[in-house]
Protein chains: 2
Amino acid sequence: MSLLTLLVVAATAAQPVDLVVRNGTVVTVDASRRVVAHGAVAVDGGRIAAVGTEAEVDAQFRGKEVLDAAGGIVMPGLVNAHTHAAMVLFRGVADDLKLMEWLQKYIFPAEKINVTAEFVRAGTRLAALEMIRSGTTTFVDMYYFEDQVAEACKEAGLRGVLGSSLIEFPAPDSKTIPEALAYAERFLKRWGNDPLVVPAVAPHSTYLASPETLKAARALADRYRAPILIHLSESSDEQAQVRERYGRTPTEQLQQLGILRRGVLGAHGIWLTPSDRAILKEAGVGIAHCPQSNMKLSSGTAPVREMLAEGMRLGLGTDGAASNNDLDMFEEMLTAAFLAKHTSGDPTVAPAAAVLEMATLGGARALGMEDRIGSLEPGKRADLVVVGLDEPRLHPLYDPVSHLVYVAKGADVRHVVVEGRVIMRDRHVLTLDEKAVVAEADRRRDQVRRSLAH
Amino acid sequence: MSLLTLLVVAATAAQPVDLVVRNGTVVTVDASRRVVAHGAVAVDGGRIAAVGTEAEVDAQFRGKEVLDAAGGIVMPGLVNAHTHAAMVLFRGVADDLKLMEWLQKYIFPAEKINVTAEFVRAGTRLAALEMIRSGTTTFVDMYYFEDQVAEACKEAGLRGVLGSSLIEFPAPDSKTIPEALAYAERFLKRWGNDPLVVPAVAPHSTYLASPETLKAARALADRYRAPILIHLSESSDEQAQVRERYGRTPTEQLQQLGILRRGVLGAHGIWLTPSDRAILKEAGVGIAHCPQSNMKLSSGTAPVREMLAEGMRLGLGTDGAASNNDLDMFEEMLTAAFLAKHTSGDPTVAPAAAVLEMATLGGARALGMEDRIGSLEPGKRADLVVVGLDEPRLHPLYDPVSHLVYVAKGADVRHVVVEGRVIMRDRHVLTLDEKAVVAEADRRRDQVRRSLAH
């Protein structure tokens, strides 16, 4: 909204809107990276109506509902650009192992025995609680039984870009690729017009999805105008395997098959070559950087300095909780900043503002959704988070952006708003029955434990 | 306490003790790494009287005070093996800069203008609040006006190993080395018999303390049986400078001067050579690993895999909040585990149990205090922390040790006990006036800001 528009609106009487968030410092992550002291955000019809000082917003708008930021920080909701939400039920089931041993002795067997539609629903509910409580408003998911993920996402009131998996072995929800494609198509049809759920197609990777599967995924995504989510250059093994099989890098393979364009999101991107990055940038493809998972599994060093310098569409993700072991995007921001400085040997790399952007607008750009989410600007969907400054740790405060990246924790999040709806107020999640969700997760643990004892 | 002793005690009537902590899973970090489900800890006269199942402890002891762990985890208090507590007042004042620019343009000028006895008292109180609220029970400090640090430490009820600084330039508390030595001697005399404060001598480093100063520090430490705290091999510049000046590594320089023995704690240890490590290990010297500060300042890669394999006395520290930007040891554990895996390329390095040890018993060993603190064992000082499992993020729980390192956060700490005294109960710090401490920190911010504007 231009200043002129503001003045025109102000000349009329204060307009009633659904919600006004007030009494906070607003970190907008807009094009000028504006930070508004004594700021407020007006929300109406699920969208941001105005961002300004309290005085400016009060002169124009009267909130039917008011959310008090209590002197804290109002920021765009965090975008978790890569996770497998339901895997929270496997968090800590096995740690400190080599990737292949971890996958083959623990994760794959545990998934094979335990993952049902009900398991995924229970796991996604738990993940949703955790994500809301740590300030995530949009999550990008790749898993099985994605219908249940979408149902839990809607129930929680979160925004989700949810990918139905295509993988070249019998999966919990589909025994064959044709079955998986049929599932994916039903999924795209069912959720195509949802205000919160963006259904997507998720071929696992270039090593666990054949060229035919990848082409079928592309066709499906085109037909339903859906995003494609895929693991991309996560491990050196993947890199070697794909090169051996096809004589190309995973990115070149995707390019060759005509998969790449805006709306494709590759997770990890650790082993991307400079030429891969040029291809991806040109095509408008996004990358989800997952520093904690990458460190825990010793997967390698993502070229974050380079991707930032090249202006790639770079988001931030937690990966699944089996390799993290949680879904806390504040911790992920901290780790992204520290890791990029450490690996580049240059403490000026990945400054706080760039990392905050990665976790918000960067994730939106990586998804091709920057016109809708990722910053606090009039016209965008009203996804926002209020961070309280109650903890002594958050004092003194010299720079709110520095604090958001280097000091704030998930537990400092006080209120969460998605699509204009308050889904957490004063740390009470309003959309899910917390006790019941946790109790069910605990019951599932006993089942998982028994299954691994065999 | 042996089983036999237990049985003999149990045969008599239940003995009254000061405190029983019950209804938790006790992670002892004792020699057998025992984890006691449905456990309890009896505390008397500031020491641990017994650790066992609730049934075992109830049969022997009756607590005058009872602390309910509410199904959470009872663990040894965390030992922050290297910090500059009062620097919390500079947190976030400048980030994302090269070390020398950061120090010379911001930190040193800010210290020169602002650091007074009252500033240090205010900063240490704020740091103490933050440390208590995130589960630290012992902190190792190197700063100026260490008398005020000690007073705030005692007021907070924390245990501190507090080093009075010797540095080869005019410092806020002493203009010359003779003045600083006199200050240090008064400090050692004043605090020598305190149950919570262990006074120490803190020559800054081999590049900012001359051979004469280092020898004087050794003499003082010998006279008062005090620890020596020093920065050791933090940067490649330090390494080069010391080699150029003395033809030796910093460790060789300390060895040559006769400084090294048990009770010496070197911070960082990033650039230690294999031969340095052998010298330090042989002498019983401890190292405080500070992964977050090292990453944020791009200081290099500490040889953690090697130090763990060699059985060095290895603790974990946050460093000052100006380069962290907080004093959260849970986050430091997570980062230590992830960074060691990342830099070694091996996810089996620094498993959760080793990292938990680093943050507790390892810190105690690094200080030469493993007979008094670092684990939950009868006879040791009663420094313990109760971690609540209220957050959905901590469910399901397969392995409490994994959760303590990979999932728990400072904000999950519910109760804190130091020397048998409850200093935080249900997240209320009982020893300091939280509001007054935070308000004073905020006032100091305005002063620091003005000073940096010049």
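Residues numbered from 1 in each chain as written. Chains lettered and ligands numbered in written order. Predicted model: local features only at pLDDT ≥ 70, side-chain atom pairs only at ≥ 80, totals over all residues. Heavy atoms only, no water.

**Some thoughts on the overall build of chain A**
What counts here: Secondary structure is summarised from DSSP: a helix means a run of H or I of at least four residues, a strand means a run of E of at least two, and numbering begins at the N terminus for each. Taken over C-alpha atoms, the radius of gyration is set against a globule rule of 2.2 Å times the number of residues to the power 0.38. Working definition of accessibility: Shrake-Rupley area with a 1.4 Å probe, residue cover restricted to the visible protein chains. In this tally Asp and Glu are treated as negative and Lys and Arg as positive; neither His nor the chain ends contributes. Taken as the charge location is NZ of Lys, CZ of Arg, CG of Asp or CD of Glu.
Looking only at helices and strands, chain A features 17 helices and 17 strands. By the compact-globule yardstick of 22 Å for 454 residues, chain A fits well, its C-alpha radius of gyration being 21 Å. Taken as a whole, chain A presents about 14,900 Å² of accessible surface, with 52% of it coming from carbon and sulfur. In chain A, which carries 50 positive and 57 negative side-chain charges, the distance between the mean positions of the two groups comes to 3 Å.

**Considerations on the relation of the copies chain A and chain B**
We apply this condition: For the least-squares superposition of copies, only C-alpha atoms count, and only for residues with pLDDT at least 70 in both. Note on definitions: a residue-residue contact is assigned when non-hydrogen atoms from the two residues lie within 4.5 Å.
Its rotation angle being 180 degrees, the transformation that places chain A on chain B also includes 0.0 Å of axial translation and leaves an RMSD of 0.0 Å. Both chain copies can therefore be described as sitting about a two-fold axis. In terms of proximity to the rotation axis, the leading residue of chain A is alanine 411 of chain A, whose C-alpha is 3.4 Å off the axis. Most of the interface of chain A is mirrored in chain B, where 100% of its interface residues again form contacts.

**Re the packing of aromatic side chains**
Note the cut-off: Whether two aromatic rings pair depends on their centres lying within 6.5 Å, for rings of Phe, Tyr and Trp, where Trp uses its six-membered ring; planes under 30 degrees apart make the pair stacked, over 60 edge-to-face, and the rest tilted. With a 1.4 Å probe rolled over the protein chains alone, any residue whose accessible area is under 20% of its type maximum counts as buried; one over 50% counts as exposed, and the rest are partly exposed. We count a charge as sitting over a ring when the NZ of a lysine or the CZ of an arginine lies within 6 Å of the ring centre and within 35 degrees of the ring normal.
A full pass over the atoms with the stated rule returns eight aromatic pairs over all chains. With a centroid separation of 5.0 Å and an interplanar angle of 45 degrees, the aromatic rings of tyrosine 143 of chain B and tyrosine 144 of chain B are classed as tilted. A residue is classified by how much of its surface remains accessible, and tyrosine 143 of chain B, at 2% relative accessible area, is buried. Residue placement shows lysine 296 of chain A over the ring face of tyrosine 406 of chain B; its charged tip is 4.6 Å from the ring centre.

**Topic: the interface of chain A and chain B**
For interface size, the figure often reported is the accessible area lost on association. Let me state the cut-off plainly: By definition, the buried area sums, over both parts, the 1.4 Å-probe accessible area that each loses when the two are put together. Any Lys or Arg side-chain nitrogen found within 4 Å of a carboxyl oxygen on Asp or Glu counts as a salt bridge. Three classes are used: nonpolar for Ala, Val, Leu, Ile, Met, Phe, Trp, Tyr, Cys and Pro, charged for Asp, Glu, Lys and Arg, and polar for all others, with Gly counted as polar.
At the junction of the two partners, chain A supplies 61 residues and chain B supplies 62 residues. Contact with chain B buries surface across chain A, with Asp96, His342 and Tyr398 of chain A losing the most and accounting together for 16% of the total. When the shortest N-O distance is used, the salt bridge between aspartate 326 of chain B and lysine 409 of chain A registers 2.4 Å. Within the residue set of the side of chain A that touches chain B, elements represented by two or more residues are helix H4 (117-133), helix H11 (291-296), helix H13 (329-344), helix H16 (400-406) and helix H17 (434-453) of chain A. Tallied by class, residues from the side of chain A that touches chain B come to 27 nonpolar, 14 polar and 20 charged.

**Points about the confidence of the model for chain A**
Low pLDDT means the predicted atomic positions in that stretch should not be read closely. Keep this limit in mind: Summary of the metric used: pLDDT quantifies the predictor's per-residue confidence within the range 0 to 100.
Looking at chain A as a whole, its pLDDT mean stands at 96, while 97% of the residues score no less than 70. Predicted as a complex, the structure gets a pTM of 0.96 and an ipTM equal to 0.96.

**Description of the pattern of salt bridges**
For the structure shown, the criterion picks out 76 salt bridges over all chains. One salt bridge in this structure joins arginine 223 of chain A and glutamate 185 of chain A, with 3.2 Å as the shortest N-O distance. Of the two residues, arginine 223 of chain A is situated in helix H7 (residues 211-224) and glutamate 185 of chain A in helix H6 (residues 177-191); the sequence distance between them amounts to 38 residues. A salt bridge links arginine 125 of chain B to glutamate 155 of chain B; its shortest N-O distance comes to 2.9 Å. Of the two residues, arginine 125 of chain B sits in helix H4 (residues 117-133) while glutamate 155 of chain B sits in helix H5 (residues 146-156), which places them 30 residues apart along the sequence. For arginine 125 of chain B, a relative accessible area of 22% puts it in the partly exposed group. Residues joined in a network through salt bridges with shared partners are Glu118, Arg121, Asp147, Glu151 and Arg190 of chain A.

**Observations regarding the domain arrangement of chain A**
Residues and elements named next belong to chain A. The criterion, for reference: For each domain, the first and last residues come from an automatic or database assignment. As used in this structure description, the phrase polar contact means that two N or O atoms lie within 3.5 Å; if the pair is within protein, one of them must be able to donate a hydrogen and the other to accept it, and residues adjacent in sequence are counted only when both atoms belong to side chains.
What the domain assignment lists for chain A is domain 1 (3-76 + 383-428) and domain 2 (78-366). Each side of the interface is counted separately: domain 1 has 26 residues, and domain 2 has 30 residues. Sorting the residues of domain 1 by area buried against domain 2 places Val29, Val405 and Tyr406 first, and these three jointly supply 26% of that buried surface. The interface formed by domain 1 and domain 2 holds three salt bridges in total. Among the ionic pairs, glutamate 357 bridges to arginine 33, the shortest N-O distance being 2.4 Å. There are five residue pairs in polar contact (both at pLDDT 80 or more) connecting domain 1 and domain 2. It is H16 that provides the largest number of residues to the side of domain 1 that touches domain 2, a total of five residues. Residue classes in the side of domain 1 that touches domain 2 are distributed as 18 nonpolar, two polar and six charged.

**Observations concerning the packing of H13 of chain A against helix H13 (residues 329-344) of chain B**
Helices that pack against each other are described as a pair by the angle of their axes relative to one another and the distance between those axes. How we decide: The axes used here are C-alpha line fits, helices contributing only the stretch in contact, and every angle between their N-to-C directions lies in the interval 0 to 180 degrees. Orientation is classified from the angle alone, with under 35 degrees giving roughly parallel, over 145 giving roughly antiparallel, 65 to 115 giving roughly perpendicular, and any other angle giving oblique. Crossing handedness is read from the near helix: turned anticlockwise from the far helix by less than a right angle, it gives a left-handed crossing, and turned clockwise, a right-handed one.
Two elements in contact, H13 of chain A and H13 of chain B, have axes whose closest approach is 12 Å; the angle formed by their N-to-C orientations is 40 degrees. Between H13 of chain A and H13 of chain B, the crossing angle belongs to the class labelled oblique. Seen along the crossing, H13 of chain A lies across H13 of chain B with a hand that is right-handed. Packed against H13 of chain A, whose contacting residues are Glu331, Leu334, Leu339, His342 and Thr343 of chain A, the element H13 of chain B presents Glu331, Leu334, Leu339, His342 and Thr343 of chain B at the interface. A per-class count over the contact of H13 of chain A with H13 of chain B returns four nonpolar, four polar and two charged.

**Comments concerning the nonpolar core**
This is how it is decided: Note on terminology: a nonpolar core comprises buried Ala, Val, Leu, Ile, Met, Phe, Trp, Tyr and Cys residues joined through side-chain atoms within 4.5 Å.
Core analysis: the biggest nonpolar cluster contains 246 residues, and Phe90 and Leu158 of chain A together with Phe90 and Leu158 of chain B have the highest contact counts within it. Ignoring anything within four residues of it in the chain, the contact list for leucine 158 of chain A reads Ala128, Met131, Ile132, Thr136, Thr137, Phe139, Cys153, Leu196, Val418 and Ile423 of chain A.

**Considering the pairing of strand E16 (residues 421-425) of chain A**
Residue and element names in this part refer to chain A. Note the following rule: Only strands that DSSP links by at least two bridges are regarded as paired with each other.
Bridging between strand E15 (residues 413-418) and E16 involves three bridges; their strand directions are antiparallel. Bridge pairing links valine 416 to methionine 424 in E16. Adjacent in sequence and paired antiparallel, E15 and E16 are bridged by two residues, among which glutamate 419 carries a positive phi angle near 55 degrees. Across two bridges, the pairing between E16 and strand E17 (residues 428-429) is antiparallel. Counted as the bridge partner of methionine 424 is valine 429 from E17.

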